[in-house]
Every structure is written in C-alpha cells, then in structure tokens.
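Next come the chains, spelled out residue by residue.
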Amino acid sequence: MPVTTVGIAGITGRLARLITHHLLALSPTLTIKGYCRDLSKATSYPTLKNIIITQGDPYDPTALRHFVSGCDVVICGFFGDPRLMTEGQKLLIEACETEGVKRYVAGDWTLDYDKLQYGEHPQKDCQKRVKEFLQEDGRKVKGVHMLIGIFYETLWSDYFGVFRPGEGEGVVMRYWGTGEEVWEGLSYDDAARYSANVALDEEAVGVVTFLGDRKSTKQLAAEFEEVYGVAPRLDCLGTVEELQTKMETTREKEPQNIFAWLADNYQTYIMNGQTYVPTKLDNGRYPDVKPLTFKEFLQNHKVEELNGLYTKAAADL
C-alpha cells in the first residue's frame, strides 16, 4: 500500500517546513497531518485541504494519539531540550504504537551517534535512548534514523566558529588538528528532499545515510578561493586533543551553558574521526535527488550570507 498520510510533529520547525514542501512536490495529493505547540507559527503554510495542522502539548498522550491516528509514517521534527527530545519522542512513539503507525522517523539528521559512549556528547544521548526505545522487544512501529554528518549551514555559521567572514583581518578559516580532518555534510534542503523520499518509501527502515560531500578544512578553503576569488587565512587553534580538553573543561565548569561548549563538542568527535557516517551511502536509492557539494553550496550564496544561513534555512518557504 502506498503512503497516503504523513504526520509531522513539530511542523513549524525549520527542517519540518522544508520536508513538508518537498513531500507536496513529490505527492501533491498526500495528506499531511501536522502537530505544533503554537498554531500562530503555522500561518505560512498554504491553505490546502490536505494539510491538517493541530495544536497540542508534546507531553499530552491523548492529543498525540489523535494526531498520529491514520498516519502511515510519522516524522519527528522536534528541536529542543533533552526532555523534549527524549521523553517527548517516547510519548510520540507510544502514540504511534497504539494507533498502528508503521514507521517513525526519529529526530536525528546528524552524525553517527552509535559510535559515541553515553556522556561523550550529551546532546546525542537523547538520540541514543530513543533508538534503543524503538528497538525494544515487541515494538511494532519501525524506527528510521537519518545520518547526514553536519548541515552545511551549521558548518559555515558564526556559532560553529570555523568560518569568519572578516572584519579588518580578512576572511579566516579556523581548525583544530592538521586541517586535513574531513567534514561530512549535507544542506538543509537536500536533507529535507531525502527525508521526503524516505517518508514515502515503505521499505526505508533502520539507519539510512546520505551525504552531499566530504572535504577537509584546507580543501574547503581552496574551494572558497575558487568560488569567491579570496584566499582565506588558515588559523590552526591547536591539536584535536587540546580541543577535547578545552571542551571538557568548559562543559564541567558550565554544564548548563550549553552554547559555551556545544560547538567544540561536535568538532571534537568529528575531527577525531569517531562519528563519521557509514561509508555505504543510501543516496543511490533516490537518484532524482542531486545533493549539492560544498562547492556548489558556496556558489549558491554570497560570502556575506554564509554566517546567517543557519537561521534562515527555511525562510524561502
């Protein structure tokens, strides 16, 4: 039976909006059931009879059951604190189980967190727990976990700290290690395209992996120069081991100040190679999706836009 109804929890979120857009492009008559905490944030959606958005609390089992009822697959677009990403997802999964939903696309879109131990990257502990919850004996709803490395928009963001567009000192790219360590990634839009295809593909279960490109910081700097005609200054900040020490020290001192150490936490476990995604990609399952390379991504944007793309990934919908 083809997929006729897709549920999207957290439908007002950045990635969820893009997924909705691409689902309708692939299947204009598809019924999309959305769930959000604030309906006023859903006003940008087109008024179509096949888009049904309801307001509700992510911790309300009755409301969640009503939302997922009749769905073939539910996509979790939640983005929030550990309680939402763990307990909120578990309640959503239990609602899917009760209402007979066949598949659940977990709130992942990230690096390979299976290779992390609990506590190494606290933000990924939630995803590990949810995956284990979906794998419990007797579970009928099948989990889907999308690995994409890092979003391009995140890598080029001001928050992540790798790229500095230049304020008197010229364009700078900063790195830990040798500069040869590889970044794996995908753009938000391409992640959404793959997500839409996965949602409509009844055979897509378990871990699915998609990448647009793999490049080191030094390779990215060379491509930056090719695209913009400006050679970034490369600044080495220290070894990967020094980065990890810096991150762990800050995290221990300020555990609640997550943005003081989160970017360093990501960079530590990417740069040491621990969380690279599986080498066997699933891009070939959906040949109509042509993901942007890092260079193509740069060609689509002005230099002055790069730092702000992280917060504008769904602005054009």
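Residues numbered from 1 in each chain as written. Predicted model: local features only at pLDDT ≥ 70, side-chain atom pairs only at ≥ 80, totals over all residues. Heavy atoms only, no water.

- In the nomenclature of an unreviewed UniProt entry, the chain is known as NAD(P)-binding domain-containing protein of Podospora pseudocomata.
- Taken from UniProt, the Sequence similarities (unreviewed entry) comment for the chain reads in full: "Belongs to the NmrA-type oxidoreductase family. Isoflavone reductase subfamily." (UniProt positions renumbered as here; feature names shortened; annotations may be inferred.)

## A word on empty space enclosed by the protein
Move 1: One pass over the full model with this rule turns up one cavity of 30 Å³ or more.
Move 2: In terms of lining residues, the largest cavity is bounded by Leu111, Gly149, Ile150, Glu184, Ile270, Thr275 and Tyr276.
Move 3: Grouping the amino acids of the lining of the largest cavity by side-chain chemistry returns four nonpolar, two polar and one charged. (1 Å grid on protein atoms, 1.4 Å probe; cavity = no way out; pocket = protein on both sides within 12 Å on 5 of 7 lines; lining within 4 Å. Points joined across faces, edges and corners; volume = space filled by probe spheres on them. Nonpolar A, V, L, I, M, F, W, Y, C, P; charged D, E, K, R; others polar.)

## Examining the pairing of strand β9 (residues 172–175)
Move 1: Note that strand β8 (residues 163–164) and β9 share two bridges and pair antiparallel. Within β9, the position partnered with Arg164 by the bridge is Val172.
Move 2: In this sheet, strand β13 (residues 233–236) lies alongside β9 in parallel orientation, the contact comprising four bridges. Pairing of Met173 across the sheet is with Leu234, part of β13. (Pairing = 2+ DSSP bridges. Helix = DSSP H or I, 4+ residues; strand = E, 2+ residues; numbered from the N terminus.)

## Points about the packing of aromatic side chains
Move 1: In total, this model carries 14 aromatic pairs according to the counting rule given.
Move 2: Ring geometry for Phe160 against Trp183: centres 5.8 Å apart, planes inclined by 65°, an arrangement best described as edge-to-face. With Phe160 in the loop between α5 (152–155) and β8 and Trp183 in strand β10 (residues 182–186), this residue pair connects regions lying 23 residues apart in the sequence. As far as burial versus exposure is concerned, Phe160 and Trp183 are alike and both buried.
Move 3: Among the aromatic side chains, those forming a connected cluster through ring pairs are Tyr159, Phe160, Trp183, Phe259 and Tyr310.
Move 4: The positively charged end of Lys128 is found above the aromatic ring belonging to Tyr118, 5.2 Å away from the centroid.
Move 5: The cationic tip of Arg251 hangs over the ring face of Trp261; the distance from NZ or CZ to the ring centre is 5.8 Å. (Phe/Tyr/Trp six-rings, centres within 6.5 Å; stacked < 30°, edge-to-face > 60°. Buried < 20%, exposed > 50% of the residue type's maximum accessible area, 1.4 Å probe, protein only. Lys NZ or Arg CZ within 6 Å of the ring centre and 35° of its normal.)

## Considerations on the pattern of salt bridges
Move 1: Evaluation of the coordinates by the stated rule reveals 15 salt bridges.
Move 2: A salt bridge links Lys131 to Asp114; the shortest N-O distance between them is 2.4 Å. Here Lys131 is found in helix α4 (residues 122–134), whereas its partner Asp114 is found in the loop between β5 (103–105) and α4, with 17 residues between them in sequence.
Move 3: On the accessibility criterion, Lys131 (8% relative accessible area) is buried.
Move 4: Exposure remark for Asp114: the relative accessible area of 42% places this residue in the partly exposed category.
Move 5: Of the charged contacts, one joins Lys215 and Asp213 as a salt bridge, the two residues approaching to 3.0 Å between their closest N and O atoms. In this structure, Lys215 and Asp213 share a single accessibility class: buried.
Move 6: Each of the salt bridges in this network shares a partner with another, and the network as a whole consists of Asp189, Asp190 and Arg193. (Salt bridge = Lys/Arg side-chain N within 4 Å of Asp/Glu carboxyl O.)

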